[in-house]
Amino acid sequence: MVKKSILFVALAGLLLAACGTAAPAPQPVAGQPTTGLTVSGRGEIRLVPNIATVTIGVRTTGVNVSDVVAANAAQVAEVMEALSGLGIAMEDMQTSNFNVYANQSYDPVTGLPSEITSYSVENTVTVIARDLSKLGELLDRAVSAGANSIWGVSFDVDDKSATQAQARDLAVQNAIEQAQALAAAAGVELGDIISINYAPTGYYYGPMYSLGGGGAAAEASTSILPGQITVGADVSITFAIK
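(A) Local environment of the confidence of the model for the protein. Here the protein shows a mean pLDDT of 83. Residues at 70 or above account for 77%. With pLDDT under 50 throughout, residues 208-218 is counted as low confidence; its partners more than four residues away or in other chains account for 11 contacts.

(B) Layout of the packing of helix α2 (residues 65-85) against helix α3 (residues 135-145). For the pair α2 and α3, the least separation of the axes is 8 Å and the interaxial angle reads 150 degrees. One way to sum up the angle between α2 and α3 is to call them roughly antiparallel. In this structure, the crossing between α2 and α3 has a hand that is right-handed. Here Gln 75, Glu 78, Val 79, Ala 82, Leu 83 and Gly 85 of α2 come into contact with α3, specifically with Leu 138, Arg 141, Ala 142 and Ala 145. Residue classes in the contact of α2 with α3 are distributed as 6 nonpolar, 2 polar and 2 charged.

(C) Focus on the side chain of Asn 72. Within the element layout of this structure, Asn 72 appears in helix α2. Among all residues touching Asn 72, those that are not within four sequence positions of it are Val 58, Arg 59, Thr 60, Phe 98, Val 121 and Asn 123.

(D) Examining the pattern of salt bridges more closely. Under the defined criterion, the tally for this structure stands at 8 salt bridges. One salt bridge connects Asp 234 with Arg 42, and the closest N-O pair in it is separated by 3.0 Å. Here the residue Asp 234 occupies a position in strand β9 (residues 229-241), and Arg 42 occupies one in strand β1 (residues 36-47), the gap between them amounting to 192 residues. In this structure, the salt-bridge partner of Lys 160 is Asp 156, at a minimum N-O distance of 3.0 Å.

(E) Highlighting the nonpolar core. Core analysis: the largest hydrophobic core is formed by 23 residues, its most contacted members being Ile 56, Val 79, Leu 83, Ile 88, Val 127 and Leu 138. Those elements giving two or more residues to this core turn out to be β2 (51-62), α2, β4 (113-129) and α3. Tallying contributions element by element places α3 first for this core, with 5 residues. Contact partners of Leu 138, with chain neighbours within four places excluded, come to Val 54, Ile 56, Leu 83, Leu 86, Ile 88 and Ala 129. Judged by nonpolar contacts, the second largest core, of 12 residues, contains Ala 167, Ala 183, Leu 190 and Phe 239.

(F) View of the pairing of strand β3 (residues 93-106). Note that β3 and β4 share 13 bridges and pair antiparallel. Looking at the pairing, Gln 94 lines up with Thr 126 of β4.

(G) Seen up close, the sheet that holds β2. Sheet architecture is open: 4 strands sit in the order β3-β4-β2-β5, paired in antiparallel fashion. Pairing within the sheet leaves two strands with one partner each, and these edge strands are β3 and β5 (149-156). For this sheet, the mean inter-axis angle between neighbouring strands, taken without regard to orientation, is 15 degrees. Together, β2, β4 and β5 form the strand contacts of α3, whose direction differs from that of β2 by roughly 10 degrees.

What counts, and where the lines are drawn
- Residues numbered from 1 in each chain as written.
- Predicted model: local features only at pLDDT ≥ 70, side-chain atom pairs only at ≥ 80, totals over all residues.
- Heavy atoms only, no water.
- pLDDT = per-residue confidence, 0-100.
- Contact = heavy atoms within 4.5 Å.
- Axes fitted to C-alpha atoms, helices over the stretch in contact; angles between N-to-C directions.
- Helix = DSSP H or I, 4+ residues; strand = E, 2+ residues; numbered from the N terminus.
- Parallel < 35°, antiparallel > 145°, perpendicular 65-115°, else oblique.
- Left-handed = near helix turned anticlockwise from the far one by under 90°.
- Nonpolar A, V, L, I, M, F, W, Y, C, P; charged D, E, K, R; others polar.
- Salt bridge = Lys/Arg side-chain N within 4 Å of Asp/Glu carboxyl O.
- Core = buried A, V, L, I, M, F, W, Y, C linked by side-chain atoms within 4.5 Å.
- Buried < 20%, exposed > 50% of the residue type's maximum accessible area, 1.4 Å probe, protein only.
- Pairing = 2+ DSSP bridges.

Below is the structure:
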């Protein structure tokens, strides 16, 4: 019985010692606001794009790999020559993908590859078009010159710095207006800005495009409508409350 009492007293003493040495709760720094109001603001500006990026590819297939590579190279050269004829500068054409692979047949029983039947070569070039009025003609000429895959048409503005700054200013103003409205509704007064977080954003609105159909398909040109893009900015501002 005495041993149990001594053990209980010892444990109680350890608990009291631990409580006595616990770290004190953090105290507010003098002059630093302990309350605040955080709001988010959004600014957007829509504008007409002035450049387009498109990926144009040539895929060639044959039984001799060397012949296929040579044929593909010649076909790609014709496509690039056609694009150059439309005013596309060499620095606005960049190879984005080049693949050589074997095509195999498969055993219908085992499902395993049995033999190589042919070889394929794929060469894709990413092109920047700076005259959107000729974009449809560009695609048509690329196809006529031998391109057999086109995808990834996207639009942009070559210099968005001024527009991005305008969107940022609109976002800040939007956040301030929201903060003022919330403070008025809550019956409090805004103090200084404690922090600001800013993130530029942009949304891409895809083009509308169509190919000529019916009996006049061979004479109709591809129609590309660039539409508009949105340059945006988001901010998060924390205000002190007086």
